[in-house]
Amino acid sequence: MDGLDLLKKDWEKSDSKYPKLTYDEIYKMILKKSSSIVKWIFIISLIELGLGLFLIVLNPTLENSIESPKWLDVFYYATFPVIVYFIFLFYKNYKKINATDSAKTLMQNILKTRRTVRHYILFNLIFGGILVVVSSFIAYMQMENNLQLLNGSSEAMKYTVVIFVILLITLLILGVIYGIYYLLYGILLKRLKQNYKELKKLEA
Amino acid sequence: MNTELEHSFVELLEKHQNIIHKVCRLYTNNYDAHNDLFQEITIQLWKAYPKFRGDAKFSTWMYRVGLNTAITLYRKSKRSIKTQDFEGVSFKIKAEDYDDTEEEQLKLLYKAIHKLNDIEKALVFLYLEDKDYREISATLGISEVNARVKMNRTKTKLRNILNA
């Protein structure tokens, strides 16, 4: 007998071999919380969305010590609708994730939701980076103008330290975001991506 | 709250629970992991149940959610690292039911299945459950032709592992 026929025969007869869970045991299970990757993606995405907002709030141009030009403030406030749009898009994509879809559609929707957050983070990093660089430059220019008024180099040193601290904090935040990404892609999405690739390979 | 819904769901699941056990059998290789996956599939089914419409068979709907959970949604817990032998736990085959060669062969078969990737396991599962290519194609989201091609390749792969 062919191995697969034997397997099928065994499979058909296997019903009696499985444990029989009672009504109460199953009921207890539905009260428990899911630990699916979608849940984790949701939590990590919320952290990322929060971090993005934090990055914007940290905007150095808002600090009183720096007189920022009006256009920079306008530029800054213009990002709020964009952020709201990203959050809306994330929610919409997240809602589309449905365990009753085909395996491929389900994987596509999960990856799409992730992509929204990745684009959001990218937007924040680029925008935040521009803001930090421009503001630091403006601050430096102001410092240069005031340099003549300063006696000695202690004040100039202070400004330099502030700029360095801003850059350092920015780098630190970037590091944290990178860490979260590493965690997410490395652990959560590895298997999904492998399986998605396997399905895509079939269609090629 | 929702007690009517809970009751009808748990009753249906109790009746059809073997479908979940069978998914778990192919995707896990120890008792703890089996229970973990069983629980996650149950939770996913429960979450999707309010949207379940009677026009699909409950069991067909279970196949889809069960496989989706095993392939995509399930996050392997730390507990599944334990290497307790599956055969030795709760599914021990009674010696009188099989002759030794068959039992040995079956052990090898399940071992070979565990070596397949997640998509191949899904194909083996759907084959064992006698699903036609239309349903296989709809469950996985690939064309019928590709499902057929992949199924044949998977069977050949299994035979090769067995004959090696």
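On a predicted model such as this, the values are computed, not experimentally measured, just so you know. (Residues numbered from 1 in each chain as written. Chains lettered and ligands numbered in written order. Predicted model: local features only at pLDDT ≥ 70, side-chain atom pairs only at ≥ 80, totals over all residues. Heavy atoms only, no water.)

J.: Hey, could you run me through the side chain of A:Ser45 in this one?
T.: All names here are of chain A. Tracing the backbone shows Ser45 in helix 3 (residues 37–57). A distance of 2.8 Å separates a polar side-chain atom of Ser45 from the backbone oxygen of Ile41. Within the local environment of Ser45, its side chain forms a polar contact with the side chain of Arg114, the two groups lying 3.2 Å apart. Setting aside its immediate chain neighbours within four residues, Ser45 contacts Phe90, Arg114 and Val117. (Helix = DSSP H or I, 4+ residues; strand = E, 2+ residues; numbered from the N terminus. Polar contact = N/O pair within 3.5 Å; in protein donor to acceptor, adjacent residues only side chain to side chain. Contact = heavy atoms within 4.5 Å.)

J.: In this structure, what is going on with the packing of helix 1 (residues 3–27) of chain B against helix 3 (residues 58–73) of chain B? I would like to understand it.
T.: Each pair of packed helices can be summarised by the angle the axes make with each other and by the distance between the axes. Residue and element names in this part refer to chain B. Relative orientation of the contacting elements helix 1 and helix 3 amounts to 40 degrees, with a least axis distance of 10 Å. In terms of axis orientation, helix 1 runs oblique to helix 3. Where helix 1 crosses over helix 3, the handedness of that crossing is right-handed. Taking contact as the criterion, the partners of Phe9, Leu12, Leu13, His16, Ile19, Ile20, Val23 and Tyr27 in helix 1 are, on helix 3, Phe58, Ser59, Met62, Tyr63, Gly66, Leu67, Ala70 and Ile71. Split by residue class, the contact of helix 1 with helix 3 holds 13 nonpolar, 3 polar and no charged. (Axes fitted to C-alpha atoms, helices over the stretch in contact; angles between N-to-C directions. Parallel < 35°, antiparallel > 145°, perpendicular 65-115°, else oblique. Left-handed = near helix turned anticlockwise from the far one by under 90°. Nonpolar A, V, L, I, M, F, W, Y, C, P; charged D, E, K, R; others polar.)

J.: Mind showing me how you'd approach the side chain of A:Arg191 here?
T.: Positionally, A:Arg191 belongs in helix 8 (residues 190–203). Residue classification places A:Arg191 among the buried residues on the basis of a relative accessible area of 17%. Only 2.8 Å separates the side chain of A:Arg191 from the side chain of B:Asp118, close enough to count as a polar contact. Once residues lying within four places of it in the same chain are set aside, the contact partners of A:Arg191 are B:Ala70, B:Ile71, B:Tyr74, B:Lys76 and B:Asp118. (Buried < 20%, exposed > 50% of the residue type's maximum accessible area, 1.4 Å probe, protein only.)

J.: Help me understand the domain arrangement of chain B in this model?
T.: The extent of an interface is frequently quoted as the accessible surface area lost upon association of the parts. All names here are of chain B. By domain assignment, chain B separates into domain 1 (1–89) and domain 2 (93–164). Contact residues are listed per partner, giving 14 residues for domain 1 and 18 residues for domain 2. Taken together, domain 1 and domain 2 are joined by 1 salt bridge. Between the two partners, domain 1 and domain 2, sit 8 residue pairs in polar contact (both at pLDDT 80 or more). Counting residues per element, the side of domain 1 that touches domain 2 draws most heavily on helix 1, at 6 residues. Residues that form the side of domain 1 that touches domain 2 fall into these classes: 7 nonpolar, 3 polar and 4 charged. (Domains from an automatic or database assignment. Salt bridge = Lys/Arg side-chain N within 4 Å of Asp/Glu carboxyl O.)

J.: I would appreciate a short explanation of the confidence of the model for chain B in the present structure.
T.: The predicted structure's coordinates, where accompanied by low pLDDT, should not be read in detail. Residue and element names in this part refer to chain B. For chain B, mean pLDDT is 84; residues scoring 70 or higher make up 84% of the total. When pLDDT is averaged over each helix and strand of chain B, the minimum, 84, is found for helix 4 (residues 100–114) and the maximum, 95, for helix 5 (residues 118–128). Below pLDDT 50 for its whole length, residues 79–98 participates in 38 contacts with residues either more than four positions away or in separate chains. Across the predicted assembly, pTM comes out at 0.79 and ipTM at 0.82. (pLDDT = per-residue confidence, 0-100.)

J.: Would you explain the packing of helix 2 (residues 23–31) of chain A against helix 1 of chain B in this entry?
T.: The contact between helix 2 of chain A and helix 1 of chain B brings their axes to 9 Å, and the two run at 120 degrees. Judged on the interaxial angle alone, helix 1 of chain B and helix 2 of chain A are oblique. Two packed elements cross with a definite hand, and for helix 2 of chain A against helix 1 of chain B that hand is right-handed. Between helix 2 of chain A and helix 1 of chain B, the residues in contact are A:Tyr23, A:Ile26, A:Tyr27 and A:Ile30 and B:Glu6, B:His7, B:Phe9, B:Val10, B:Glu11, B:Leu13, B:Glu14 and B:Gln17, respectively. Classifying every residue of the contact of helix 2 of chain A with helix 1 of chain B by side-chain character gives 7 nonpolar, 2 polar and 3 charged.

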